[in-house]
Amino acid sequence: MNEIRDLIIGIDIGKEYTQICYYDRKAEEGRSLSMKVGASQYEAPGCICYRTDHGDYCVGWKQSILPGKRRIMIGNIYDICQKEEKIQVAGEEKEPAELLAHFLRGILKFLGIQDIVKNTRCLCITSPELSTLQVRNYQKACSLTGFSREKYMLMDYGESFYYYALGQKRETWNRSVGWYAFAGDTVTFRKLTINGSSRPVLVKLEDPVSTKLEPEEEIRDVEFYRFISKTLGKELFSSVQITGEGFDQQWAQQSVKLLCHQGRKVFYGNNLFAKGACIAGKDRLEDKKLKGYRYLSDSLVTADVGMDMRVMGSPAYYPLIESGSNWYECSASCELILDDTSELVFVVSIPEETEKKRVAMALEGLPKRPNRTSRLSLTLKYVSPRDCEITVEDLGFGEMYPSSGKIWRELVRWDEQEERKQA
């Protein structure tokens, strides 16, 4: 590889296999790394193994050898991170995040870079989907590996597909983009639509449609042909992407002809998601070519949250959470001084609602002090797609009014809050 610093790395942690790539600035594209020495093998089993003779962990193709007396096969890292129960490893209990941290260190060694954390600008991890528990394990693992919150990002396959598709030449996505995902005998179709008349431009993956194909090749080709006819119809598509195991041009003779009809460009490969993660890091941190676009997904935060304050002596609206980001990327913190009140009032804007909501949080047990001598630390952090955790800490006011140590926590769903009535 020709990059040694300011690396942008994409890691695809799939249900069975893992891939890694880096962004090649000279070629302006993501480059997949082989995970098997001397071969063009870009996928490796997603298992992690513990070597008792070395006291360390092994990932990639080395661990896929049948374990012997000195090896303990722990399991598939994707499945491990779906749980919160600790796992026994050589007589010790390990949290899923600890094992993922070891897994990440092992995968990152394939880059061959000394002090990988220092020389990385962004690590982007993508998986088929991201549950609340997965996000928590992934975030903790990145922290244990040494990556600060500003140095990593998470996304699901849908968002990776969005970045990959729009990271290609414009003629491949100026209309809709089709996506066929194979998983053995099952194929799933999704359509990426782009609403160019809106500002920002809204991009959405429509709900999936699936079918099961027969294993016999001639019948399989006929059934896939029918599925293509049903899903693509007469609509104009700029391109079609095919991913997963189960597709082969050898049996898809008639299907491929239909896919290529009307000049559609058709691409097949299994490194799309890792490359999409790379492109996401490059675009968000450097290029910002997609700044005027918004990818709509179920993980997006839809509410704008702020407070009316006095900033530098003048009344002003102070934004805390802005809509349009994934919930696991949304957090905010600030310090404030209370002015003739014992509660916090948040101003909330919900799409398609003309009136702003005012949501109050009472600070019961707040020490009685003279006005403007109660300094608070305020933190907002989303813990699921809809749940936002508010944490408030009493900081006191210098030596005259020391902190009481009180902490208030509240879990809110902004879209379910009733507007606070003003006196």
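Basis of the calculations
- Residues numbered from 1 in each chain as written.
- Predicted model: local features only at pLDDT ≥ 70, side-chain atom pairs only at ≥ 80, totals over all residues.
- Heavy atoms only, no water.
- Axes fitted to C-alpha atoms, helices over the stretch in contact; angles between N-to-C directions.
- Helix = DSSP H or I, 4+ residues; strand = E, 2+ residues; numbered from the N terminus.
- Parallel < 35°, antiparallel > 145°, perpendicular 65-115°, else oblique.
- Left-handed = near helix turned anticlockwise from the far one by under 90°.
- Contact = heavy atoms within 4.5 Å.
- Pairing = 2+ DSSP bridges.
- Buried < 20%, exposed > 50% of the residue type's maximum accessible area, 1.4 Å probe, protein only.
- Lys, Arg positive; Asp, Glu negative; His and termini not counted.
- Salt bridge = Lys/Arg side-chain N within 4 Å of Asp/Glu carboxyl O.
- Polar contact = N/O pair within 3.5 Å; in protein donor to acceptor, adjacent residues only side chain to side chain.
- Patch = residues over 30% accessible without salt bridge, like charges linked within 9 Å, V, L, I, M, F, W, Y side chains within 5 Å.
- Areas by Shrake-Rupley, 256 points an atom, 1.4 Å probe, with all protein chains shown as cover.
- Charge placed at Lys NZ, Arg CZ, Asp CG, Glu CD.
- Core = buried A, V, L, I, M, F, W, Y, C linked by side-chain atoms within 4.5 Å.
- Nonpolar A, V, L, I, M, F, W, Y, C, P; charged D, E, K, R; others polar.
- Phe/Tyr/Trp six-rings, centres within 6.5 Å; stacked < 30°, edge-to-face > 60°.
- Lys NZ or Arg CZ within 6 Å of the ring centre and 35° of its normal.

Description of the packing of helix α2 (residues 96–108) against helix α3 (residues 132–145)
Running from N to C, α2 and α3 cross one another at 55°; their axes reach a closest spacing of 8 Å. Compared by their axis directions, α2 and α3 come out oblique. Here α2 and α3 pass one another in a crossing that is right-handed. Taking contact as the criterion, the partners of P96, A97, E98, L100, A101, L104, R105 and L108 in α2 are, on α3, N137, Y138, K140, A141, C142, L144 and T145.

With respect to the sheet that holds strand β5 (residues 47–51)
Adjacent strands of a sheet form backbone hydrogen bonds with each other and so pair up, either parallel or antiparallel. The sheet built from three strands is open, its strands ordered β6-β5-β7 with antiparallel pairing. Each edge of the open sheet is held by one strand with a lone partner, namely β6 (56–58) and β7 (71–76). Here the strands of the sheet are splayed against their neighbours by 30° on average, with no regard to which way each runs. Two elements, β5 and β7, share five bridges in a ladder whose sense is antiparallel. Bridging across to β7, C49 finds its partner in M73. Each of β5, β6 and β7 is contacted by α2, which is oriented at about 90° to β5, the strand it contacts most.

Here's the deal with the side chain of D156
Following the sequence through the fold, D156 ends up in strand β11 (residues 152–156). Buried charge D156 goes without a salt bridge, the closest partner of opposite sign being R190 at 7.0 Å. Of note is the side chain of D156, whose polar atom sits 3.2 Å from the backbone nitrogen of G158. For D156, the contacting residues outside a window of four places in its chain are T126, S127, P128, E129, L130 and Y328.

Examining a negative patch on the surface
Negative charge collects at one region of the surface, where E214, E216, E217, E218 and D248 lie side by side. Position of E214 among the secondary structure elements: in the loop between β15 (209–212) and α5 (217–232).

Focus on the nonpolar core
Inside soluble globular proteins, nonpolar side chains tend to come together where they are buried. With 98 residues, the main nonpolar core has L344, F346, L378, L380 and W414 as its most contacted residues. The residues touching F346, leaving out its near neighbours within four places in the chain, are V305, G306, M307, L320, K357, R358, V359, M361, L378, L380, I390 and W414. Among the nonpolar cores identified, the runner-up in size contains 17 residues, and Y180, L213, F227 and L232 belong to it.

Describing the pattern of salt bridges
Tallied over the full model, the rule gives 23 salt bridges. For R386, the salt bridge identified is with D415, shortest N-O distance 3.1 Å. In this pair, R386 sits in the loop between β24 (375–382) and β25 (388–396) while D415 sits in the segment after β26 (407–412), placing the two residues 29 residues apart along the sequence. R413 is the partner of E416 in a salt bridge, and the nearest nitrogen-oxygen pair spans 3.6 Å.

So, the pairing of strand β14 (residues 201–205)
Alternating positions in β14 separate cleanly, V201, V203 and L205 being buried on one face and L202 and K204 remaining unburied on the opposite face. As paired strands, strand β13 (residues 186–195) and β14 are joined by four bridges and run antiparallel to one another. Each residue of the ladder has a partner; that of N195, found in β14, is L202. As consecutive antiparallel partners, β13 and β14 are separated by five residues. Relative to strand β18 (residues 293–296), β14 runs parallel, the two being bridged by four bridges.

Notes on the packing of helix α4 (residues 157–166) against helix α7 (residues 272–287)
The interhelical angle for the contact between α4 and α7, taken along N-to-C directions, is 70°, at an axis separation of 7 Å. When the interaxial angle is binned, α4 and α7 end up roughly perpendicular. The chirality of how α4 crosses α7 is left-handed. Between α4 and α7, the residues in contact are Y157, E159, S160, F161, Y163 and Y164 and L272, F273, K275, G276, A277, I279, A280, D283 and R284, respectively. Tallied by class, the residues present in the contact of α4 with α7 amount to nine nonpolar, two polar and four charged.

Looking at the packing of aromatic side chains
Counted by the stated rule, this structure contains 20 aromatic pairs. Taking 3.8 Å as the distance between ring centres and 0° as the angle between the ring planes, the aromatic pair formed by Y157 and F273 counts as stacked. One end of the pair, Y157, is in helix α4; the other, F273, is in helix α7, and 116 residues separate them in sequence. F273 matches Y157 in its accessibility class, with the two residues each being buried. Clustering of aromatic rings is evident, with ring pairs tying together Y180, F182, F189, F224, F227, F237, F247, W251 and Y268. If you follow R149 out to its NZ or CZ, it ends over the ring of Y152, 4.6 Å from the centre. The ring of W251 has R220 sitting right over it, with the charged end atom 5.0 Å from the ring centre.

Thoughts on the sheet that holds strand β23 (residues 357–362)
Read from one edge of the open sheet, four strands run β20-β19-β22-β23, paired in antiparallel fashion. Each of the sheet's edge strands pairs with one partner strand only, and the pair in question is β20 (314–321) and β23. Between one strand axis and the next, the sheet turns by 35° as a mean value, whatever way the strands run. In the sheet, strand β19 (residues 304–311) pairs with β20 via seven bridges, with the strands oriented antiparallel.

Looking at the side chain of S176
Residue position: S176 is located in strand β12 (residues 176–183). Polar side-chain contacts of S176 include one of 3.0 Å to the side chain of E235. Ignoring anything within four residues of it in the chain, the contact list for S176 reads K191, L192, T193, E235, L236, F237, S238 and S239.

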